[in-house]
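Summary of structural features
The lines below spell out each chain.
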Amino acid sequence: MHDARFDGSFADWRREARRLLRAGVEPQAVNWRTDDDGGQLFAGLAPTAPAPVSAPAPRIPRELPELLESASRYRADDRWALLYRVLWRVAHGDRTAILAGDGDGSVLQRRIKGVRREAHHMHAFLRFRQRPAEAGPPAFVAWHEPAHDILEMAAGHFAERLGRSSWLIATPDAAALWDGTLLRFLRPCPAELRELARSAEDPGAELWLAYYGSTFNPARLNRDVLESNMPVRFWKHLPEGPLIPQLMSQARAGQQRLAQAASVGERQGKEVLIASDKAQPRRAPSTSLGECRDCDIWRGATCAVPGEGPEQAPIMLVGEQPGDQEDLAGRPFVGPAGQVLNRALARAGLRREALYLTNAVKHFKWTPRGGPNSRAATRKHATPKPGEIEACRRWLGGELAQVAPEVVVALGKTALASLLETFEPQHLRLADFAGAPFRQGERWIVVAPHPAAVLRAGEEGERLFAELVAALEQARRLAAGAVSGSAVPGLRR
Ligand code: URA
């Protein structure tokens, strides 16, 4: 048996795994030991694994390190052994080791999914508390107890959204510190930071509870879904946690109906009525996306879903509108269509984190499925109308100006109609644009089938998925400046 010692990080595991792989050490002969489980007891002793040989580095698919890194965040006793087994098998030509139909592959994929879900939980359920200005930085602190080691992958989300305000996120094992420009991680988490985050008071708690109580949507109450989307283990650290059981029992006692709480649905938001020459007053354009009332879709939605990604990115993907899960998460492409997109991106050799993802329409438009008497009424996607796509175009325009992509991928007809500013998807045929990128000013537009269409397409799904992958590959090549496209093809009226 070889004791493979490393410091518990993925980078150090990778270095050691490569060494063992090149030395031909089989997975069943390796005992992975980190500093935490006694590895440091051996510090200073020679490794028991054979010295590196000069064999060439084995060839592995480009996406594998990313998959392994993601799975390495999943806490399980055998996490490093599983990774080495998968690496070994793939390096020896057995690529089924990463597929869900394989024994190792299914564990790997389940862990990756669990890690993503846990990162999503952090984005959704972390609550910052503001500290008094005289206390100095960090201005905001939060305590969170993730089930897996996701802090490093999940904390960037907050840096992108909270601007230059300084903050600390402390967890039992690690801390993330943002000073307004730089994000640092400390693993383990120093005791004083743990204490700081755990003991912070929340001066805005009352206001938040009043807001939460008034926007709680009894129509959507389904205890099982609520608890699977918002696991009970997070409730104790959420200011609204104690309120939830009470709101649930009120909902069961008769408030459940197919609409948002009336007090919310009828609210005027911050719209300002401007007197105009005509008899009807018109609305002032909303000044922030979160308060957008430029069309009526907001009334049924939980929130506006902004784009996500680096401030500037070479490639922007534009979808139609958020779906049910995106509406709850406040993030684009996290539901089933997002899973298809993730697979297509991986197949096309693109990293999601390097791209900017957004939608032509920012609120979720839906119609009820199941009546008010059904146990859990659900929301069925409804297609936005031309006027709604047009009303939302300025938000997309703002993102295009800010992100300055070289290539924009229109996922489906709504996105294309918005980019072309025709606002009439019904007059477009995706087939006219397939494989024919075109220039719009400085940028390329590539047209692709929408990932949700892949899901709906039945037997045609595989062909549509291949088209989606081909379009994404084309976008990658265009962003790298490798190929050229043509003038605007097939615009039909
Ligand atoms: N999710 C999104 O964010 N956009 C879509 O177009 C579909 C699902």
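Scroll up a little and you will see the structure.
Keep in mind that what you see is a predicted model, and the values were worked out from it rather than measured. (Residues numbered from 1 in each chain as written. Predicted model: local features only at pLDDT ≥ 70, side-chain atom pairs only at ≥ 80, totals over all residues. Heavy atoms only, no water.)

As a further point, take the site of the ligand. What surrounds the ligand is the set Gly319, Glu320, Gln321, Pro322, Gly323, Glu326, Pro332, Phe333, Ala337, Asn359 and His450. Phe333 places a polar main-chain atom, nitrogen or oxygen, 2.8 Å from an oxygen atom of the ligand. Expressed as a share of its isolated accessible area of 230 Å², the protein-covered part of the ligand is 93%. (Near = heavy atom within 4 Å. Polar contact = N/O pair within 3.5 Å; in protein donor to acceptor, adjacent residues only side chain to side chain. Areas by Shrake-Rupley, 256 points an atom, 1.4 Å probe, with all protein chains shown as cover.)

A few words on the sheet that holds strand β5 (residues 167–170). One open sheet accounts for five strands, arranged β3-β4-β5-β6-β7; its pairing is mixed. Strand pairing shows two members of the sheet lacking a second neighbour, β3 (129–130) and β7 (183–186), which therefore form its edges. (Pairing = 2+ DSSP bridges. Helix = DSSP H or I, 4+ residues; strand = E, 2+ residues; numbered from the N terminus.)

Here Ser106 shows up in helix α4 (residues 103–125). In sequence terms Ser106 and Thr96 are ten residues apart; their C-alpha atoms lie 10.0 Å from each other. When sequence neighbours within four positions are dropped, the list of residues in contact with Ser106 reads Leu99 and Ala100. (Contact = heavy atoms within 4.5 Å.)

What follows is about the packing of helix α2 (residues 64–72) against α4. Following both chains from N to C, one finds α2 and α4 inclined at 65°, their axes separated by 8 Å at the closest point. Between α2 and α4, the angle is such that the two are roughly perpendicular. Where α2 crosses over α4, the handedness of that crossing is left-handed. Between α2 and α4, the contacting residues are Leu67, Leu68, Ser70 and Ala71 on the first element and Leu108, Arg111, Ile112 and Val115 on the second. Looking at the contact of α2 with α4, its residues break down into six nonpolar, one polar and one charged. (Axes fitted to C-alpha atoms, helices over the stretch in contact; angles between N-to-C directions. Parallel < 35°, antiparallel > 145°, perpendicular 65-115°, else oblique. Left-handed = near helix turned anticlockwise from the far one by under 90°. Nonpolar A, V, L, I, M, F, W, Y, C, P; charged D, E, K, R; others polar.)

For the coordinates displayed, the defined rule picks out 14 aromatic pairs. When the centroid spacing of 5.5 Å and the interplanar angle of 65° are considered together, the rings of Trp32 and Tyr84 count as edge-to-face. Here the residue Trp32 occupies a position in strand β2 (residues 30–34), and Tyr84 occupies one in helix α3 (residues 79–91), the gap between them amounting to 52 residues. A residue is classified by how much of its surface remains accessible, and Trp32, at 11% relative accessible area, is buried. Of the residues examined, Tyr84 reaches a relative accessible area of 1% and is grouped as buried. Ring plane angle 25° and centroid distance 6.4 Å describe the contact between Trp167 and Trp178, whose orientation is recorded as stacked. In this pair, Trp167 is assigned in strand β5 and Trp178 in strand β6 (residues 175–178), connecting sequence segments eleven residues apart. (Phe/Tyr/Trp six-rings, centres within 6.5 Å; stacked < 30°, edge-to-face > 60°. Buried < 20%, exposed > 50% of the residue type's maximum accessible area, 1.4 Å probe, protein only.)

Ordered in space as β11-β10-β14-β16-β15, the five strands form an open sheet in which the pairing is mixed. Looking at which strands have only one partner, the edges of the open sheet turn out to be β11 (356–359) and β15 (438–440). Each strand axis lies, on average, 30° off the axis of its neighbour in the sheet, ignoring direction. Here strand β10 (residues 315–319) runs beside strand β14 (residues 407–411); their pairing, made up of four bridges, is parallel.

With respect to the element layout, Asp149 can be found in the loop between β4 (140–143) and α5 (151–154). What makes Asp149 buried here is its relative accessible area of 14%. At a separation of 2.9 Å, a polar atom in the side chain of Asp149 contacts the side chain of Arg79. The contact partners of Asp149, leaving out residues within four places of it in the chain, are Arg73, Arg75, Arg79 and Arg187.

What follows is about the pattern of salt bridges. This model, assessed by the stated rule, comprises 29 salt bridges. Two residues, Glu308 and Arg161, come together in a salt bridge whose shortest N-O distance is 3.5 Å. One end of the pair, Glu308, is in the loop between β9 (282–283) and β10; the other, Arg161, is in helix α6 (residues 156–161), and 147 residues separate them in sequence. With a relative accessible area of 11%, Glu308 lands in the buried category. On the basis of relative accessible area, Arg161 is assigned to the partly exposed category, the value being 35%. Ionic pairing is found between Glu467 and Arg463, a salt bridge with its closest N-O pair at 2.6 Å. With Glu467 and Arg463 both in helix α18 (residues 461–479) and four residues apart, this pair spans about one turn of that helix. Residue Glu467 is classed as partly exposed on the basis of its relative accessible area, which comes to 33%. The exposure class assigned to Arg463 is partly exposed, which follows from its relative accessible area of 41%. (Salt bridge = Lys/Arg side-chain N within 4 Å of Asp/Glu carboxyl O.)

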